[in-house]
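# Results of the structural survey
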Protein chains: 2
Amino acid sequence: MRNIKIIVEYDGTKYNGWQTQKNGAGIQEILTNSIHQVCSDVEKINGAGRTDAGVHAFGQVANFYTDCRIPVKKIPNAINMYLPKDIVVNSAEEVDGDFHSRYSAKGKKYMYIVNNSPIRSALDFYREYYFPYEIDYKKMKKAAEFFEGTHDFKGFMASGSSIKDTVRTISKIQIKKRDDGRIIFNFVGDGFLYNMVRILVGTLLDVGLGKIEPEDIKSIILSKDRKKAGKTVPAQGLYLMEVYY
Amino acid sequence: MRNIKIIVEYDGTKYNGWQTQKNGAGIQEILTNSIHQVCSDVEKINGAGRTDAGVHAFGQVANFYTDCRIPVKKIPNAINMYLPKDIVVNSAEEVDGDFHSRYSAKGKKYMYIVNNSPIRSALDFYREYYFPYEIDYKKMKKAAEFFEGTHDFKGFMASGSSIKDTVRTISKIQIKKRDDGRIIFNFVGDGFLYNMVRILVGTLLDVGLGKIEPEDIKSIILSKDRKKAGKTVPAQGLYLMEVYY
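Here the structure is a predicted model, which is why all the values come from computation and not from measurement.

Below, the discussion takes up the packing of aromatic side chains. Taken as a whole, this structure holds 20 aromatic pairs over all chains when the rule is applied. Relative to Tyr 133 of chain A, the ring of Phe 131 of chain A has its centre 5.0 Å away and its plane inclined at 80 degrees; by these criteria the two rings are edge-to-face. For Phe 131 of chain A, a relative accessible area of 6% puts it in the buried group. For Tyr 133 of chain A, a relative accessible area of 48% translates into the label partly exposed. Measuring from ring centre to ring centre gives 6.2 Å for Tyr 10 of chain B and Trp 18 of chain B, while their planes differ by 25 degrees; the resulting arrangement is stacked. Trp 18 of chain B sits in the buried class, given a relative accessible area of 1%.

Further remarks concern the environment of Ile 212 of chain A. Residues and elements named next belong to chain A. Structurally, Ile 212 can be placed in the loop between helix H4 (196–209) and helix H5 (217–223). You can call Ile 212 buried: its relative accessible area is 9%. As for Ile 212 and Lys 5, which are separated by 207 residues in sequence, their C-alpha atoms are 43 Å apart.

For the match of chain A to chain B, the screw axis carries a shift of 0.0 Å, the RMSD comes to 0.0 Å, and the turn is 180 degrees. The operation mapping one copy onto its partner corresponds to a two-fold rotation axis. Within chain A, the C-alpha atom positioned nearest to the axis of rotation is that of Asp 124 of chain A, 5.2 Å from it. By residue overlap, the copies meet face to face through one surface: 100% of the interface positions of chain A are interface positions in chain B.

Residue and element names in this part refer to chain B. Every buried residue of helix H3 (residues 137–147) is accounted for by Tyr 137, Met 140, Ala 143, Ala 144 and Phe 147. Along the axis of H3, the buried positions cluster into a sector of 120 degrees, meaning they face one direction only. Seen from the buried face of H3, the exposed residues on the opposite side, beyond 90 degrees, are Lys 138 and Glu 145. In this fold, the buried residues of H3 make contact with strand E7 (149–152), strand E8 (167–177), strand E9 (182–189), helix H4 (196–209) and helix H5 (217–223).

What follows is about the nonpolar core. Within the largest apolar cluster, 70 residues are counted, with the highest numbers of intra-cluster contacts made by Ile 6, Leu 31, Phe 147, Phe 156, Phe 185 and Leu 205 of chain B. In this structure Leu 31 of chain B touches Ile 6, Val 8, Trp 18, Ile 45, Ile 79, Leu 83 and Val 89 of chain B, once residues within four positions along its chain are discounted. Ranked by size, the runner-up nonpolar core spans 69 residues in total, among them Val 42, Phe 131, Phe 147 and Ile 221 of chain A.

As a further point, take the state of the cysteines. Residues and elements named next belong to chain B. Applying the stated criterion to the full structure yields two disulfides over all chains. Here Cys 39 engages in a disulfide with Cys 68; their sulfurs sit 2.1 Å apart. Here Cys 39, found in the loop between helix H1 (27–38) and strand E2 (46–47), pairs with Cys 68, found in the loop between strand E3 (56–66) and helix H2 (75–80); they are 29 residues apart in sequence, far enough to count as distant. Here Cys 39 matches Cys 68 in class, with each residue buried.

For side chains bearing opposite charge, pairing can occur when the charged atoms are close. Summed over all chains, the structure comprises 26 salt bridges over all chains. Of the charged contacts in the structure, one is a salt bridge between Arg 198 of chain A and Asp 52 of chain A, with a shortest N-O distance of 3.5 Å. With Arg 198 of chain A in helix H4 and Asp 52 of chain A in the loop between strand E2 (46–47) and strand E3 (56–66), this pair connects stretches of sequence that are 146 residues apart. Here Arg 198 of chain A falls in the buried class, since its relative accessible area comes to 13%. A salt bridge links Arg 178 of chain A to Asp 180 of chain A, with the shortest nitrogen-to-oxygen separation between them at 2.9 Å. Beyond isolated ion pairs, a larger network of salt bridges with shared partners links Asp 11 and Arg 127 of chain A together with Asp 124, Glu 128 and Arg 182 of chain B.

Bringing the domain arrangement of chain A into the picture now. Residues and elements named next belong to chain A. Assigned domains within chain A: domain 1 (2–95) and domain 2 (107–244). If you average the C-alpha positions of domain 1 and of domain 2, the two centres end up 27 Å apart. Contacts between the two partners involve 15 residues from domain 1, matched on the other side by 15 residues from domain 2. Across the domain 1 to domain 2 interface the summed buried area is about 1,100 Å²; carbon plus sulfur atoms make up 61%.

With that out of the way, let us pick up the confidence of the model for chain A. Counting all residues, the mean pLDDT for chain A is 96, and 100% of those residues have values of 70 or more. Across the interfaces of the predicted complex, the ipTM metric reaches 0.89, alongside a pTM of 0.93.

Now for the environment of Ala 229 of chain A. Tracing the chain through its elements places Ala 229 of chain A in the loop between H5 and strand E10 (238–244). The sequence separation of Ala 229 of chain A and Gly 54 of chain A amounts to 175 residues, and the corresponding C-alpha distance is 23 Å.

Listed by partner, the interface residues are 27 residues for chain A and 27 residues for chain B. Of the roughly 2,000 Å² buried at the junction of chain A and chain B (both faces included), carbon and sulfur atoms supply 55%. Between chain A and chain B we count two salt bridges in total. The residue Arg 127 of chain B makes a salt bridge to Asp 124 of chain A at a minimum N-O spacing of 3.1 Å. On inspection of chain A and its partner chain B, the count reaches 18 residue pairs in polar contact (both at pLDDT 80 or more).

Rules used throughout
- Residue numbers here run from 1 along each chain, matching the order of that chain's written sequence.
- Ligands are numbered from 1 and chains lettered from A, in the order in which they are written.
- Reporting of local features is limited, given that this is a predicted model, to residues whose pLDDT is at least 70; pairs of side-chain atoms are given and counted only at 80 or more, and all residues count toward the totals for whole chains, interfaces and linings.
- Side-chain metrics in this entry use all non-hydrogen atoms of the structure; hydrogen atoms and water are not considered.
- We call Phe, Tyr and Trp rings a pair once their centres come within 6.5 Å, taking the six-membered ring for Trp, and we label the pair stacked below 30 degrees between planes, edge-to-face above 60, and tilted otherwise.
- When accessible area is computed with a 1.4 Å probe and restricted to protein chains, residues below 20% of their type maximum are described as buried, those above 50% as exposed, and intermediate ones as partly exposed.
- Secondary structure elements follow DSSP: runs of H or I no shorter than four residues count as helices, runs of E no shorter than two count as strands, and numbering proceeds from the N terminus.
- Here the copies were fitted onto each other by least squares, based on C-alpha atoms from residues at pLDDT of at least 70 in both.
- Note on definitions: a residue-residue contact is assigned when non-hydrogen atoms from the two residues lie within 4.5 Å.
- Taking the helix axis as origin, the arc is that swept by the directions to the C-beta atoms.
- Working definition of a nonpolar core: buried Ala, Val, Leu, Ile, Met, Phe, Trp, Tyr and Cys residues. They are joined through side-chain atoms within 4.5 Å.
- Two cysteine sulfur atoms make up a disulfide if the distance between them is within 2.5 Å.
- Within this document, salt bridges are pairs made up of a side-chain nitrogen of Lys or Arg and a carboxyl oxygen of Asp or Glu, the two lying within 4 Å of each other.
- Each domain's extent is set by a domain assignment, obtained either automatically or from a database.
- Once two parts are put together, the accessible area they lose, assessed with a 1.4 Å probe and summed over both, is termed the buried area.
- Think of pLDDT as the predictor's per-residue confidence, scored from 0 to 100.
- In protein, a polar contact means a hydrogen-donor-capable atom and an acceptor-capable atom, both N or O and within 3.5 Å, with residues adjacent in sequence counting only if both atoms are side-chain atoms; elsewhere, any N or O pair within 3.5 Å suffices.

Structure representation (structure tokens):
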């Protein structure tokens, strides 16, 4: 069977996340149904990251097995015909049989957008976190350096999560200020725990507000105590940008 | 009475345009109701431009008369509390009694976004016109120069319109190509006829496709024939950027 890898972009605003929940269809299900229209033997696809309700993606990756003979170049447009306007397949390629979008992933890149302007945006409200408070940008950059490297991020995981191995490596955190009042956070790492990026941003904003000093990040990580870290910022500012293999 | 001028931003996707229609409330009505919550004597506001269903604004201007004593600086946040997330008042100032957002306007700036990438965007679908065909960008720029200046734009007006004086001055048309495949059109003029910007963009795209030569624009304008101009491109790519006084 052929193994097809696709890169998917979506606006997560209207969806209950990647996976189907009791209260509504997930993006995975909608995408699977559309692929099934093109390749009728496809009943199931694998996704690289289970994004939450409201989270967006520019570079979600999925793969599926099929015997259908459509040329790989024609796959994106063929699937896109059946997708709603807020989900799109940007590219497709044929990969080795053992490629799995989730288990083969070596790392991921997430972006988080904070709107630090005095007034909320009407056009971008559901694509960013409106946070109009005075922020010390330099302190946030300094604090970010303490997160880089390999640490046990147990304190930066949603409290309900049952994951045992909470050690992760963050290879790079970039924070950029844009002229339009937005602060763009980029996180690259080998993997992220449940809600980890949103808790990291919440903690960095606490540093920006002066509630936490950059040097305190070290002891907060070591404490492994969720309560010592900042709050979980809203899903609507988060984007899955890229999955590395 | 005080005369208050406000600048309003909105995502027009969900609305039937600025004015209320049979099939749904307009942005003007929603805004008026929110202002009424703050200044209970306000029953009516004037808008600078009657944007159509699906058209967006970064710089719509409105004004209203009131005896309420709220400090002008507090007006934006006070109104924004009552507005839906896709409409926002960005600023407010007190102006002379004879200022009228529509009749005092000396000019306007509109932007139109064309997505000229091979694949449609999921995150920006309702904010641009997806047009994946090969375009001669230089020809479009040359054609745009023929539109600049004072002309009778009768052929570039929606055919149902009853306006008599169809002479308008376009002071500047800018066309920029962005790295992400978007083409940004900017139009500055003393005023625009009904659907004029959308017909101008449709005509420029016909030039880009090679259907019309840049030099033909002159005779198309002179013909005053709507059928000789290009089609009306969709509302979703259009933004009212600024109103000049």
